[in-house]
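Structural characterization, general
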Amino acid sequence: MESIRSVNRYMKTEFKLLGSFLSKNTFLIGAIILTIVTIHGVKFFTPSYSIDTELMMTGYDSFLHSWVLLERYALVFVKQILFPEMFNLELASILTYIALALFCITLSYFVIRIQTNKMGRKRSLFLIPLFLLVSTNLAEQLYFVLQSFEVVLGMIATVVALLLTLYYVESRKLVFLALSIPFVIFSIMSYQSLVLFYAAGLIIMMISLTTWRYELVKKTQVRLIALIVATAALSVVSYWLISKGYMAAKGISASGYLSGQIPWGKLPLSEVLHNTYHSIKTVVLGQSNYYNKSFLFGLLGVALVIAYQILKRKGSRTHINGLYFILLFIVPFLLTVVLGGVEVARARMPALQLVIGFSFYFMYCSVKKPLFKRVIVSVAIILSVMQGVITSNLIYSEQQRYYSDVHTATRIVTQLDGILDEPYSSYTLLIAGNNYHLGLTNYDSGGEMLGRSFFEFDQTSPGRWATSYRVANFMQTLGYNFKAPSQKDVDKYISTEQVRAMAVWPQRGGMHVDEDNKIIIVKMSEWLEAK
């Protein structure tokens with residue numbers, strides 16, 4: 001009973017600290033909301049969506065089952081609560097950005113709570129969520145509307161788990177560590193790569209405690225680390241056991257979608273190593289629209305601060321922090337190594353951005369001279385504005401892409417209205433080529449979805465079936481219920497001389513209707529051979 005009362009007293013104090021944090025950091029909250037509106041505001045006013053979301057809208061139950069096979073049970077659970085019968089695109093978008101604001105606030109609170117248990121105004125905390133909010137990786141994830149809210153909810157659950165771990169460090173009540181486990185399991189069951197975010201958060205906690213609250217860990221640091229690592233391992237193992245137990249009980253097998261991406265042992269070792277090196281180099285040197293030099297600046301800046309502290313103080317705390325930071329800068333690339341350099345950009349979110357944001361925050365808090373602080377903030381603002389411009393332009397281009405696809409679909413249907421003898425549902429729609437040249441996007445995002453037309457995506461995949469399947473489902477979301485083609489349909493029609501001889505739509509002769517077999521063929525470009 002006394003233990004329960006002490007936990008209750010601790011949590012009452014904690015809620016007071018949270019209230020104080022919220023009341024004294026209105027600048028932080030306002031900056032978070034303003035940045036979300038500035039970067040992602042176009043999403044608030046139009047119900048657009050990107051690749052795969054059309055499948056959620058037209059085949060809800062089957063798509064939920066596909067997530068079960070991906071072992072994302074928490075994602076499916078939340079979906080079934082919020083959307084028991086059908087997927088509501090607009091509600092999912094609204095909830096996503098509300099959750100994103102809450103996540104940024106709770107993450108900032110976690111960082112300041114590690115540093116101190118006395119709340120005050122601290123505008124520099126905005127460095128923590130800043131790099132995430134302008135991130136193109138985040139935009140890629142959020143435009144994946146079919147899972148965006150649940151992924152952000154998993155991110156919040158991860159921060160709660162980190163806070164509970166901190167509560168254990170302060171109170172030494174094992175109940176807090178025990179309570180953190182279900183939150184970690186929930187986050188991994190929402191999106192597996194969030195385990196990297198969790199690992200980065202634990203390392204940041206140890207860096208902060210060693211730097212600013214060393215008295216909490218001075219005598220028990222090794223034992224404390226061992227217990228925290230054991231708890232994290234138990235969380236991951238519990239996720240695995242629950243997943244395998246559920247699969248066995250249902251008599252189903254996990255999808256090979258994720259494990260099938262691992263190239264080790266399937267491709268030549270030199271190729272895998274080259275891809276891994278190139279992927280890491282792209283992030284560190286900022287060699288794509290998805291990254292800039294912020295990681296490199298954070299890495300070099302922290303290295304200079306640690307080197308100066310070692311030369312100046314020669315204390316064991318600084319050496320320990322140096323080791324922690326080495327681990328911290330490695331964490332965002334663990335999935336890169338596992339997947340041989342082929343992971344999707346959105347999988348690096350939010351671990352990479354947390355590492356960058358904390359690096360700048362650590363530098364800001366470590367230097368004493370106001371000039372150095374201003375330089376750090378200025379560099380952070382410049383880098384974030386540069387990335388934010390790219391991200392907002394890509395989001396705008398993605399919006400225009402959606403309008404272009406809707407326009408293309410409407411033109412096709414208008415042309416068919418004067419030709420077809422029966423309702424749309426009697427016909428199979430087959431797309432040959434792609435309409436990338438019809439799009440309005442000005443940026444080649446280099447990503448998986450942003451700026452990719454429904455009439456283009458997967459066109460170079462073997463079999464050439466996926467694009468027509470996507471277009472048919474996209475058409476259904478607009479009220480045009482064409483049949484989706486099978487691979488057999490594609491094999492039968494797509495490479496015929498008749499199709500090759502067709503003009504490119506919207507020219508005359510760019511569309512052919514086979515009334516005998518109820519097949520509609522639209523040739524979007526000269527044939528593009530599969531790669």
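Rules and cut-offs
Residues numbered from 1 in each chain as written. Predicted model: local features only at pLDDT ≥ 70, side-chain atom pairs only at ≥ 80, totals over all residues. Heavy atoms only, no water. Salt bridge = Lys/Arg side-chain N within 4 Å of Asp/Glu carboxyl O. Helix = DSSP H or I, 4+ residues; strand = E, 2+ residues; numbered from the N terminus. Buried < 20%, exposed > 50% of the residue type's maximum accessible area, 1.4 Å probe, protein only. pLDDT = per-residue confidence, 0-100. Contact = heavy atoms within 4.5 Å. Polar contact = N/O pair within 3.5 Å; in protein donor to acceptor, adjacent residues only side chain to side chain. Expected span 1.5 Å × (residues − 1). Core = buried A, V, L, I, M, F, W, Y, C linked by side-chain atoms within 4.5 Å. Pairing = 2+ DSSP bridges. Axes fitted to C-alpha atoms, helices over the stretch in contact; angles between N-to-C directions. Parallel < 35°, antiparallel > 145°, perpendicular 65-115°, else oblique. Left-handed = near helix turned anticlockwise from the far one by under 90°.

Section: the pattern of salt bridges
In this structure the tally under the stated criterion is 12 salt bridges. Close ionic contact of E54 with R470 constitutes a salt bridge, the shortest N to O distance being 3.4 Å. Of this pair, E54 sits in helix α3 (residues 53-58) while R470 sits in helix α19 (residues 466-477), placing them 416 residues apart in sequence. You can call E54 buried: its relative accessible area is 0%. Classification of R470 as buried rests on a relative accessible area of 9%. Where D405 meets R401, a salt bridge forms, and the shortest distance between an N and an O atom there is 2.9 Å. One end of the pair is D405 and the other is R401, both in helix α18 (residues 370-417) and four residues apart, which spans about a single turn. Using a relative accessible area of 1% as the deciding quantity, one classes D405 as buried.

Some words on the confidence of the model for the protein chain
Looking at the protein chain, pLDDT values average 89 and 94% of them are 70 or higher. Residue range residues 437-443 is modelled with pLDDT below 50. Its contacts to residues more than four positions away, or to other chains, number 15 contacts.

Let's talk about the side chain of R113
Relative to the elements of secondary structure, R113 occurs in helix α6 (residues 89-115). Of the polar contacts made by the side chain of R113, one reaches the side chain of E14; its length is 2.9 Å. In contact with R113, other than residues within four places in its own chain, are Y10, E14, L17, M119, L166, Y167, E170 and R213.

A closer look at α19
Between the first and last C-alpha of α19 there are 17 Å, a value that for 12 residues agrees with the 16 Å anticipated at 1.5 Å per step. The buried fraction of α19 is high, at nine of 12 residues. Taken as a whole, α19 has its buried residues at A466, T467, S468, R470, V471, A472, N473, F474 and M475. In the core, the buried residues of α19 are packed alongside α3, α18 and β1 (428-432). One or two residues past the end of α19 sits G479, with phi positive at roughly 100°.

Considerations on the environment of A409
Among the structural elements, A409 can be located in helix α18. Separated by 46 residues in sequence, A409 and F455 place their C-alpha atoms 9.2 Å apart. Setting aside residues up to four positions removed in sequence, A409 forms contacts with F455, F474, M475 and L478.

Here we look at the nonpolar core
Formed by 161 residues in total, the largest nonpolar core has its most connected members in F103, M205, F482 and I520. If you tally residues by element for this core, the top one is helix α9 (residues 145-171), at 16 residues. Ignoring anything within four residues of it in the chain, the contact list for F103 reads L132, V152, M155, I156, V159, F197 and P350. Core analysis: the next-biggest nonpolar cluster, separate from the first, contains nine residues, L430, M502, I519 and I521 among them.

Describing the sheet that holds β1
Strand pairing in a sheet relies on backbone hydrogen bonds, with the paired strands running either antiparallel or parallel. Pairing is mixed across the open sheet formed by three strands, whose spatial order is β1-β3-β2. The open sheet is flanked by β1 and β2 (511-514), the only strands paired with a single partner. With direction set aside, neighbouring strand axes in the sheet form an average angle of 15°. Pairing analysis gives four bridges linking β2 to strand β3 (residues 519-523), with the strands arranged antiparallel. When the sheet's bridge partners are listed, H512 is paired in β3 with I521.

Considering unusual backbone geometry
Residue M349 is joined to P350 through a cis peptide bond whose omega torsion reads 0°. For P350, the position within the fold is in the loop between α16 (334-338) and α17 (351-366). A positive phi angle, near 65°, is found at E71, a position not held by glycine. Given the relative accessible area of 14%, E71 is considered buried. With phi around 55°, K518 is a residue other than glycine that occupies positive phi space. You can see K518 is positioned in the loop between β2 and β3.

Points about α9
If you check α9, its first and last C-alpha atoms are 40 Å apart, about what 27 residues at 1.5 Å a residue would give, namely 39 Å. Most of α9 is tucked away, with 23 of its 27 residues classed as buried.

Some remarks on the packing of α9 against helix α11 (residues 194-212)
Closest axis-to-axis distance for the α9/α11 pair is 10 Å, and the angle between their directions is 30°. Considered as vectors, α9 and α11 are oriented roughly parallel to each other. The hand of the α9/α11 crossing is right-handed. Along the contact surface, α9 presents V151, G154, M155, T158, V159, A161, L162, T165, L166 and V169, while α11 presents L194, F197, Y198, G201, L202, M205 and L209.

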